[in-house]
Amino acid sequence: MDLHLSRRGAALFALTLLAMPVSTGIAAHAAEAPITLRLSHGAAPSEPYQIGLEKFRDEIEKSTDGAIKVQIFPSGQLGDEASSVKGVQAGTISMAVVAGATIADYAPVIRIFDLPFLFASREQAYKVADGPIGKSADEKLAEKGLVLLGYFEAGVRNVLNNQRPITTLADFKGMKVRVVPSPMNIDTFRALGANPVPLPYGQLYTSLQTHVVDGAEAANTNYLASKFYEVAPYYALVRWQVLMSPVVISKKVFDRLTPEQQAKVRAAAAAAVTAERNAYQATDNAAFSDLTSRGVKVTEPPLEPWIAAVKPVWDKWAPVVGEDNLKAALADK
């Protein structure tokens, strides 16, 4: 036997033994390192978005035994909605809740949720969001780097202002009204006789305070939570929209998860949607009582003139959202 070869083989064997636990240890350490998802939304920490995302956090951390961790950034800490969407597409932000109008250019069917006076109830809006119409946005969004996980509610929307009580549509005419930066919302408020001013939500309080705008649209919950009543004490119950907000996760982030983890993310998101909607219904009712106790001047103008005024908006946008989709949404009443 060649003693030189024997010694060389023994040395190689020893090196292999030394290397094995090191490489195995590195792999084990990597496998144990938790995945951290960064979640962005623009609402206050006391609002239902936060409640829904906290439910998501609790569910996913429990179901994965801590393999997936969640950090929530409310109040636009990671940027406004447009910036958050870009971050989600890039994978620097894992998930976001945004107004449908923010991503509707990617999936035009989402604009159906912005049609004025379409939904007679929350339940009707939920059926459309959770059914084939809402789900049909998924493929288009995926092409743009977004995976749709469901729809939060953003409230039954009314009109607030700092000028005068709105008892008729005529009282609304000429007001400078902040709207979500969306062509359909701009068309809607222009049809109602207002002067729409597209602004990020985070700028609304100061814009009302400094009279950059006279009014805006909001739900009871965020009107109270963001203290808009301090700078706009007139509140007209017009219920022009039940706003639904898509919850999206970065496709780059989602594709890095195992199939089992992806299923758990979807399950946690479904639980979050239920929790958030329940919270919105509960807080909306409680918020209205609170607002009236704070001296907010509430009016309830007749809606027939408002509905008639936005007919041209329907005529213009129905082909974009799809005539069949519109008929199906109306059938869900």
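Residues numbered from 1 in each chain as written. Predicted model: local features only at pLDDT ≥ 70, side-chain atom pairs only at ≥ 80, totals over all residues. Heavy atoms only, no water.

Notably, Asp-65 is not glycine yet its phi reads approximately 55 degrees, a positive angle. Along the chain, the position of Asp-65 falls in the loop between helix H2 (48–63) and strand S2 (68–73). (Helix = DSSP H or I, 4+ residues; strand = E, 2+ residues; numbered from the N terminus.)

What follows is about the side chain of Arg-178. Along the polypeptide, Arg-178 turns up in strand S5 (residues 176–179). Summary of buried charges: Arg-178 has no salt-bridge partner, and the nearest side chain of opposite charge, Glu-217, is 4.3 Å away. Here the side chain of Arg-178 touches Leu-199 through a polar contact of 2.9 Å, landing on its backbone oxygen. With near-sequence residues (within four places) excluded, Arg-178 lies in contact with Val-197, Leu-199, Pro-200, Tyr-201, Leu-204, Val-213, Gly-215, Ala-216 and Glu-217. (Buried < 20%, exposed > 50% of the residue type's maximum accessible area, 1.4 Å probe, protein only. Lys, Arg positive; Asp, Glu negative; His and termini not counted. Salt bridge = Lys/Arg side-chain N within 4 Å of Asp/Glu carboxyl O. Polar contact = N/O pair within 3.5 Å; in protein donor to acceptor, adjacent residues only side chain to side chain. Contact = heavy atoms within 4.5 Å.)

Now for the pairing of strand S6 (residues 195–198). Taken together, the four bridges between S5 and S6 define a ladder with parallel strand orientation. The residue of S6 that forms the bridge with Arg-178 is Val-197. After leaving S5, the chain enters helix H8 (residues 183–191) and then returns to the sheet as S6, a path that is right-handed. (Pairing = 2+ DSSP bridges. Right-handed = clockwise from strand over helix to strand, strands pointing away.)

Turning our attention to the packing of helix H5 (residues 122–130) against helix H12 (residues 259–293). Packed helix pairs are specified by the crossing angle of their axes together with the interaxial distance, meaning the distance between the axes. Here H5 crosses H12 at 160 degrees, and the two axes come no closer than 13 Å. Comparing their axes, H12 and H5 come out roughly antiparallel. Considering only the axes of H5 and H12, their crossing is right-handed. Contacts between H5 and H12 pair Arg-122, Glu-123, Tyr-126, Ala-129 and Asp-130 from the former with Arg-277, Tyr-280, Gln-281 and Asp-284 from the latter. Of the residues in the contact of H5 with H12, the class split is three nonpolar, one polar and five charged. (Axes fitted to C-alpha atoms, helices over the stretch in contact; angles between N-to-C directions. Parallel < 35°, antiparallel > 145°, perpendicular 65-115°, else oblique. Left-handed = near helix turned anticlockwise from the far one by under 90°. Nonpolar A, V, L, I, M, F, W, Y, C, P; charged D, E, K, R; others polar.)

This part takes up the nonpolar core. Counting residues in each nonpolar core, the largest one holds 53 residues, and the members touching the most others are Ile-110, Phe-113, Leu-141, Phe-172 and Phe-189. Ranked by residue count, the leading element in this core is strand S8 (residues 234–250), at six residues. Not counting chain neighbours up to four residues away, the residues in contact with Ile-110 comprise Gly-100, Ile-103, Ala-104, Ala-137, Leu-141, Tyr-151 and Pro-246. Counting 27 residues, the second largest nonpolar core, distinct from the first, contains Val-70, Val-97, Ala-268 and Ala-272. (Core = buried A, V, L, I, M, F, W, Y, C linked by side-chain atoms within 4.5 Å.)

Pairing of S5 with strand S7 (residues 215–218) involves two bridges; the strand directions are parallel. Within the sheet, the bridge partner assigned to Val-177 lies in S7 and is Gly-215.

Attention shifts here to the environment of Phe-288. Looking at where Phe-288 falls in the secondary structure, it is placed in helix H12. For Phe-288, a relative accessible area of 28% corresponds to the partly exposed category. Each C-alpha atom of the pair Phe-288 and Thr-221 lies 7.7 Å from the other, and the pair is 67 residues apart in sequence. With residues near it in sequence (within four places) discarded, Phe-288 still touches Asn-220, Leu-237 and Val-298.

The subject of this paragraph is the confidence of the model for the protein. The share of residues in the protein with pLDDT of 70 or more is 90%, and the mean pLDDT across the chain is 91. Contacts of residues 1–30 to residues separated by more than four positions or lying in other chains number one contact, the stretch itself having pLDDT below 50. (pLDDT = per-residue confidence, 0-100.)

A few words on the pattern of salt bridges. All chains considered together, the criterion is met by 13 salt bridges. Glu-59 is the partner of Lys-55 in a salt bridge, and the nearest nitrogen-oxygen pair spans 3.0 Å. Taken as a pair, Lys-55 and Glu-59 lie in helix H2 at a separation of four residues, close to a single helical turn. Residue Lys-55 is classed as partly exposed on the basis of its relative accessible area of 32%.

Let's shift gears to the packing of H2 against H12. Contact geometry of H2 with H12 gives a least axis separation of 7 Å together with a crossing angle of 150 degrees. Relative to H12, the element H2 is oriented roughly antiparallel. Between H2 and H12 lies a crossing of right-handed hand. Only Lys-264, Val-265, Ala-268, Ala-269, Ala-271, Ala-272, Ala-275, Glu-276, Ala-279, Tyr-280 and Thr-283 of H12 make contact with H2, whose side of the interface consists of Pro-48, Tyr-49, Ile-51, Gly-52, Lys-55, Phe-56, Glu-59, Ile-60 and Ser-63. A breakdown of the residues in the contact of H2 with H12 according to their chemical character gives 13 nonpolar, three polar and four charged.

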